[in-house]
Amino acid sequence: MSLIARFEEIAENLFTGMFRKKVTRLQPVLIAKELVKVMLRHKQVSISQVYVPNIYRVFLHSSDWSPLASFGDAFLIELSKYLFAEGERNGFTFLTKPAVELHADDTVNPREMFIEVDFDDSVEIAWEEDDDDESQVWHDRTNIFRSAMVQEPDIMSETSGRKSEYYLEVIEGINSGAAFTLEKEEIYIGRHFQCELVIQDQEVSRRHIKISKSEEDWFLDDLGSTNGTFVNGQRITRLVLSPGDRIQIGQTVLTLHHQKV
């Protein structure tokens, strides 16, 4: 039996019964088909190869996400193997074996999905031979089930390990009191659960602002947000931040702090 046919059989055995009573939920096989469509749309043609993304982030409404999450990595691995088989069948090249992440995001409508892709050759995947089957089983550390409903965003808490001299503090809004250390040189802030700093404010855009470091300065860029970005009461598109600046996005206000370590 082909890998694709085996995936369809496994998906039906695992999931069809679960969805039979609640047919209004998103069918898992539709996720597989949509992933292939997205892969085809994002192919890149080079001189001798046709490259396709190897990272796929699928965002679902929590009502569609929850039943799938109970199956753990099994579903993600099958999706990844399905993508790999389809890519090989079309003669495409992956930078690494494809990895699939599944996220809960209630900004996505029920029975719909939002898929982001990326090309990343740093993904580490180990293959293992299966003695009982001619196929290969592989495990990917980037396979992720992430729920926005059952856990607080990790980036809204104090980061462990080394400390930066600069950090942001939320002083007004739903996440008031949270602090975020600026350890990366580029930080995205918004409602999207892929952002480094997630703000649970409905007036904040999915990707609202970016803060990036250039030498000793921190730059703030508005990313075309719907409601705009204000620093010390003035609407801005780009500026250099200084300690004590008040950054307002939606109903949330953050301030930049500097501490000597």
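Since the model is a prediction, treat every value here as computed from it, not as a measurement.

It is not clear to me how the nonpolar core should be interpreted in this structure. Could you clarify?
Counting 25 residues, the largest nonpolar core has I31 and L35 as its most contacted members. What I31 contacts, discounting residues up to four positions off in sequence, is L26, V58, L60, L68, F75, L79 and M113. By size, the runner-up hydrophobic cluster in this structure holds 22 residues, among which are Y166, V170, L182 and L220.

What am I meant to see in the sheet that holds strand β4 (residues 93–94) here?
Pairing between the strands of a sheet is mediated by backbone hydrogen bonds and can be parallel or antiparallel. Taken in spatial order, the three strands make up an open sheet running β1-β2-β4, and their pairing is mixed. Sheet topology places β1 (44–45) and β4 at the edges, where each strand pairs with a single neighbour.

Help me understand the sheet that holds strand β18 (residues 238–241), please; the structure alone is not making it clear to me.
The strand order across the open sheet formed by five strands is β13-β12-β14-β15-β18, and the pairing between neighbours is mixed. Edge positions in the open sheet fall to β13 (197–198) and β18, since each of these has one partner strand only. The pairing of strand β12 (residues 186–190) with β13 spans two bridges and is classified as parallel. Bridge assignment links I189 to a residue of β13, and that residue is L197.

Can you walk me through unusual backbone geometry in this structure?
Peptide bonds are trans in most cases, and residues, glycine excluded, mostly fall at negative phi. Look at E215: it is not a glycine, yet its phi comes out positive at around 55 degrees. Given the relative accessible area of 72%, E215 is considered exposed. Of note in the backbone geometry, N232 takes a positive phi value of approximately 55 degrees without being a glycine. A relative accessible area of 45% places N232 in the partly exposed class.

Can you walk me through the pattern of salt bridges in this structure?
Oppositely charged side chains may form a pair once their charged atoms are brought near each other. Applying the stated rule across the entire model yields eleven salt bridges. With its nearest N and O atoms 3.1 Å apart, the salt bridge here joins R89 to E86. Here R89 pairs with E86, and both are found in helix α4 (residues 73–89), just three residues apart, close to one helical turn. Given the relative accessible area of 8%, E86 is considered buried. In this structure, R206 engages D105 in a salt bridge whose closest nitrogen and oxygen atoms are separated by 3.7 Å. Within this pair, whereas R206 is found in the loop between β13 and β14 (209–214), its partner D105 is found in the loop between β5 (99–104) and β6 (113–118), the two being separated by 101 residues in sequence.

How should I be thinking about the environment of K43 in this particular structure?
Inspection of the secondary structure puts K43 in the loop between α2 (28–41) and β1. Assessed through its relative accessible area of 38%, K43 is described here as partly exposed. When near neighbours in sequence (up to four residues on either side) are disregarded, K43 contacts V50, Y51, V52 and F92. A distance of 3.4 Å separates a polar side-chain atom of K43 from the backbone oxygen of L40.

Honestly, the side chain of D221 in this entry has me stumped. Any pointers?
By the element assignment, D221 lies in strand β15 (residues 217–222). Overall, D221 belongs to the buried group, its relative accessible area being 12%. Setting aside residues up to four positions removed in sequence, D221 forms contacts with H208, I209, K210, S212, T237 and R238.

Any chance you could explain the pairing of β15 here in plain terms?
Regular strands place side chains that alternate from one sheet face to the opposite one. Burial analysis of β15 places five of its six residues in the buried class, the great majority of the element. Both β14 and β15 contribute to a ladder of six bridges, which runs antiparallel. Note on β15: the bridge partner recorded for S214 is D217. Taking the residues that link successive antiparallel strands as the turn, the β14-β15 hairpin has two residues, and the phi of E215 there is positive, at about 55 degrees.

Before we go on, may I ask you to explain the confidence of the model for the protein in this structure?
Close inspection of predicted coordinates is inappropriate for parts of the model with low pLDDT. With 73% of its residues at a pLDDT of 70 or more, the protein has an overall mean of 78. Per-element confidence in the protein ranges from a low mean pLDDT of 40 for strand β8 (residues 136–140) to a high of 97 for strand β16 (residues 229–231). Taken as a whole, residues 14–23 scores under 50 in pLDDT and shows 14 contacts with residues more than four places along the chain or in a different chain. Contacts of residues 126–143 to residues separated by more than four positions or lying in other chains number 39 contacts, the stretch itself having pLDDT below 50.

Looking at this model, I keep getting lost on a negative patch on the surface. Mind explaining?
On the surface, E165, E215, E216 and D217 cluster together into a negatively charged patch. Relative to the elements of secondary structure, D217 occurs in strand β15. Exposure remark for D217: the relative accessible area of 37% places this residue in the partly exposed category.

Reading guide: rules and limits
Residues numbered from 1 in each chain as written. Predicted model: local features only at pLDDT ≥ 70, side-chain atom pairs only at ≥ 80, totals over all residues. Heavy atoms only, no water. Core = buried A, V, L, I, M, F, W, Y, C linked by side-chain atoms within 4.5 Å. Buried < 20%, exposed > 50% of the residue type's maximum accessible area, 1.4 Å probe, protein only. Contact = heavy atoms within 4.5 Å. Pairing = 2+ DSSP bridges. Helix = DSSP H or I, 4+ residues; strand = E, 2+ residues; numbered from the N terminus. Salt bridge = Lys/Arg side-chain N within 4 Å of Asp/Glu carboxyl O. Polar contact = N/O pair within 3.5 Å; in protein donor to acceptor, adjacent residues only side chain to side chain. pLDDT = per-residue confidence, 0-100. Patch = residues over 30% accessible without salt bridge, like charges linked within 9 Å, V, L, I, M, F, W, Y side chains within 5 Å. Areas by Shrake-Rupley, 256 points an atom, 1.4 Å probe, with all protein chains shown as cover. Lys, Arg positive; Asp, Glu negative; His and termini not counted. Charge placed at Lys NZ, Arg CZ, Asp CG, Glu CD.

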